[in-house]
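Overview (structure and organization)
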Amino acid sequence: MAARCCASAAAACALSPLPSGTTDIRLVLHSHAALPELLDALSEADRQRPLLAGIFNFGYLPGTDKRCTTTAAGSLAAVDALLERLAPQGCLSLHCYTGHEGGAAEEAALAQRLARLEPRRWRVLHCRDANRETHGESILLAERLPVRQR
């Protein structure tokens, strides 16, 4: 089995509106598997602010060592942490590279997790290479739908 390391393979971007109407953008270059702990370490005020977006690269960084990969367990933990904090009309973008050991299983786990989201509260799209049988890429998008008043 290939060694698993994620030191610089993933970046998460969190956006949240400020009272002045500007946008606070934070880029975090870290293993996405540590995202739950990174979010918990934020100040109380920052933890209360909903996130508008999360952007992930899962698998490996193209053009680099394919032994340095993400794992389904770490990826699911990171996605779950952001799903809990995502604002209405917020979006998660998951770019999955599958050309490494465990890549297809990781993509399938992420797709299954998002497919189980409540359809009245979430819109989920799955775009993938249609002209490649192996080592394709895919993009999963999850949008939290606005709360509808009745």
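In this report, the structure presented in the accompanying data block is examined.

Rules of the game
- Residues numbered from 1 in each chain as written.
- Predicted model: local features only at pLDDT ≥ 70, side-chain atom pairs only at ≥ 80, totals over all residues.
- Heavy atoms only, no water.
- Buried < 20%, exposed > 50% of the residue type's maximum accessible area, 1.4 Å probe, protein only.
- Helix = DSSP H or I, 4+ residues; strand = E, 2+ residues; numbered from the N terminus.
- Pairing = 2+ DSSP bridges.
- Axes fitted to C-alpha atoms, helices over the stretch in contact; angles between N-to-C directions.
- Parallel < 35°, antiparallel > 145°, perpendicular 65-115°, else oblique.
- Left-handed = near helix turned anticlockwise from the far one by under 90°.
- Contact = heavy atoms within 4.5 Å.
- Nonpolar A, V, L, I, M, F, W, Y, C, P; charged D, E, K, R; others polar.

1. Points about the pairing of strand S6 (residues 137-144)
- Residue alternation in S6 divides its side chains into a buried set, Ser138, Leu140, Ala142 and Arg144, and an unburied set, Glu137, Ile139, Leu141 and Glu143.
- With seven bridges joining them, strand S5 (residues 122-128) and S6 adopt antiparallel strand pairing. In the sheet register, Leu125 faces S6, and the bridge partner there is Leu141.

2. Quick word on the packing of helix H3 (residues 72-85) against helix H4 (residues 103-115)
- The geometry of H3 relative to H4 is characterised by a closest axis approach of 9 Å and an angle of 25° between their N-to-C directions. Considering their axes alone, H3 and H4 lie roughly parallel with respect to each other. For the crossing formed where H3 meets H4, the hand is right-handed. Contact with H3, carried on its side by Ala72, Ser75, Leu76, Val79, Asp80 and Leu83, involves Glu106, Ala109, Leu110, Arg113 and Leu114 of H4 and no other residues of that element.
- Tallied by class, residues from the contact of H3 with H4 come to seven nonpolar, one polar and three charged.

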